Amino acid sequence: MTAATLPALTIGPHRVWPPVVLAPMAGITNVGFRRLCREQGGGIYVCEMITTRALVERNPKTLRMIAFGAEEQPRSLQLYGTDPEITAAAVRIVVERDLADHIDLNFGCPVPKVTRKGGGSALPWRRRLFARLVKAAVDAASPAGVPVTVKMRKGIDDDHLTYVEAGLAAQDAGVAAVALHGRTAAQRYSGTADWDAIATLKAALDVPVLGNGDIWEADDALRMVAHTGVDGVVIGRGCLGRPWLFADLEAAFNGSPERRLPSLGEVAVTMRRHAELLVEQFVAGARNPARGERDGCTDFRKHVAWYLKGFPIGSELRRSLAMIESLAQLDDLLGKLDPAVPFPVENLGQPRGRTNSPGKVFLPDGWLASRDDDTPPDGAELDDSGG
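What you are looking at is a predicted structure, and each value in this text was computed from that prediction instead of being measured. (Residues numbered from 1 in each chain as written. Predicted model: local features only at pLDDT ≥ 70, side-chain atom pairs only at ≥ 80, totals over all residues. Heavy atoms only, no water.)

## Side note on the overall build of the chain
- Along its length, the chain carries 14 helices and 11 strands.
- In terms of overall size, the chain behaves like a compact globule, its C-alpha atoms giving a radius of gyration of 21 Å where 387 residues would be expected to give roughly 21 Å.
- Reported as C-alpha extents along the three principal axes, the dimensions of the chain are approximately 60 × 50 × 40 Å.
- Sorting the 387 residues of the chain into buried and exposed places 57% on the buried side.
- Total accessible area on the chain stands at roughly 15500 Å², and carbon and sulfur atoms take up 50% of it.
- With 45 positive and 48 negative side-chain charges, the chain shows a separation of 3 Å between the mean positions of the two kinds. (Helix = DSSP H or I, 4+ residues; strand = E, 2+ residues; numbered from the N terminus. Rg over C-alpha atoms; globule rule 2.2 N^0.38 Å. Buried < 20%, exposed > 50% of the residue type's maximum accessible area, 1.4 Å probe, protein only. Areas by Shrake-Rupley, 256 points an atom, 1.4 Å probe, with all protein chains shown as cover. Lys, Arg positive; Asp, Glu negative; His and termini not counted. Charge placed at Lys NZ, Arg CZ, Asp CG, Glu CD.)

## Quick notes on the nonpolar core
- Leu105 and Val134 are the most contacted members of the largest nonpolar core, which totals 70 residues.
- Top contributing element to this core by residue count: helix α6 (residues 127-141), with nine residues.
- Apart from the residues lying within four places of it in its own chain, the contact partners of Leu105 are Gln78, Leu79, Thr87, Leu133, Val134, Ala137, Val148, Thr149, Val150 and Lys151.
- Of all hydrophobic cores here, the second largest spans 27 residues; its members include Val267, Leu277, Cys297 and Ile313. (Core = buried A, V, L, I, M, F, W, Y, C linked by side-chain atoms within 4.5 Å. Contact = heavy atoms within 4.5 Å.)

## Describing the UniProt feature "binding site: FMN" (unreviewed entry) in the chain
- In the numbering used here, UniProt assigns the "binding site: FMN" (unreviewed entry) feature to Pro24, Met25, Ala26, Gln78, Lys151, His181, Gly236 and Arg237. Of the annotated residues named above, the ones that line the largest cavity are Pro24 and Lys151.
- Within the element layout of this structure, Met25 appears in the loop between β3 (20-22) and α1 (31-38).
- When its relative accessible area of 12% is taken as the criterion, Met25 is described as buried.
- Note on placement: Lys151 falls in strand β8 (residues 148-153).
- Discounting residues that sit within four places of it in the chain, Lys151 has contacts with Gln78, Asp104, Leu105, Asn106, Phe107, Gly108, Ala179, His181, Asn212 and Val234. (UniProt positions renumbered as here; feature names shortened; annotations may be inferred. 1 Å grid on protein atoms, 1.4 Å probe; cavity = no way out; pocket = protein on both sides within 12 Å on 5 of 7 lines; lining within 4 Å.)

## Some thoughts on the pairing of strand β11 (residues 232-235)
- Of the two faces of β11, both are covered, the one formed by Gly232 and Val234 as well as the one formed by Val233 and Ile235.
- Bridging between strand β10 (residues 209-212) and β11 involves three bridges; their strand directions are parallel. Across the sheet, residue Leu210 finds its bridge partner in β11, namely Gly232.
- Read from β10 through helix α9 (residues 218-228) to β11, the crossover connection turns out right-handed. (Pairing = 2+ DSSP bridges. Right-handed = clockwise from strand over helix to strand, strands pointing away.)

Quick look at the structure:
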């Protein structure tokens, strides 16, 4: 399969073109960022991860996070859970309150606070629990026609791979698609993604398979499709500070060679739009508009270094941009940038966002001893959302 012959991605009743999914990222994929990305190109844009327990217990922060713009179709929500009954209850809330049109289940998180309790990328090792949880979600969502998908990693480490078995179990449970990040939990975000593993999973399943890992440029997505035969791609760190990547992806999947290489002036315009959308989002949820603007600008600060990566900008100006408290301050500082500076092409294809070393995967005591124990792990249900 090549991009030229790739059909639209089908997720239940939803036809998606281009076949691109924005991965949920804690503190990143809020309403403002998703709208900014949607303005660049089509696809599915997933909100920040929501924990099932927090949703069932009506956690105020969690309920505020489940927000979508009027233009978002389908509305995509990722749930994290470890207990089939709590997961089913959370899915029923989503369905009954019409909170989303698509539900993704998180089995890919590698962070220690999650895996040491048996959640995220550790959970598929307990194959019966995994199958029960996925089926509980599908059964709760299917009466309303809401498709459920899963996102996972290859396994805990190279000695404890689960991705093919888990993919088949998810398919048997009735999921609409499976996404695979081609790394183990032990790899975290280090090394290179194993696209051969993604190809193996694609060959094993009948439902659509999405590939995730090391898509830094649109042409990487085309290479992944050609290498693995996947039905679509999942974009995570590659879009940080580069929302125009989604414009490149749309062009690439439509057969166009056009790629965005924005000048510093064009990047500044995008930065201003991003901050404006965040302010709009935070003001809407604040009693005090001034506080909402300050919170929106504070949320924007983390993006500054990603946007300016590789551009020749003085450290003082960079530092000032990363400390803004108002749109007026941002406008003043952006006005000090040289708009004619070309895009630093040497940064193309380079990793962005989190990069780290492989590490030990922390697991509950005895976790590896029994694959068929389907008891939900104690204390693994997080009571707050966002990762």
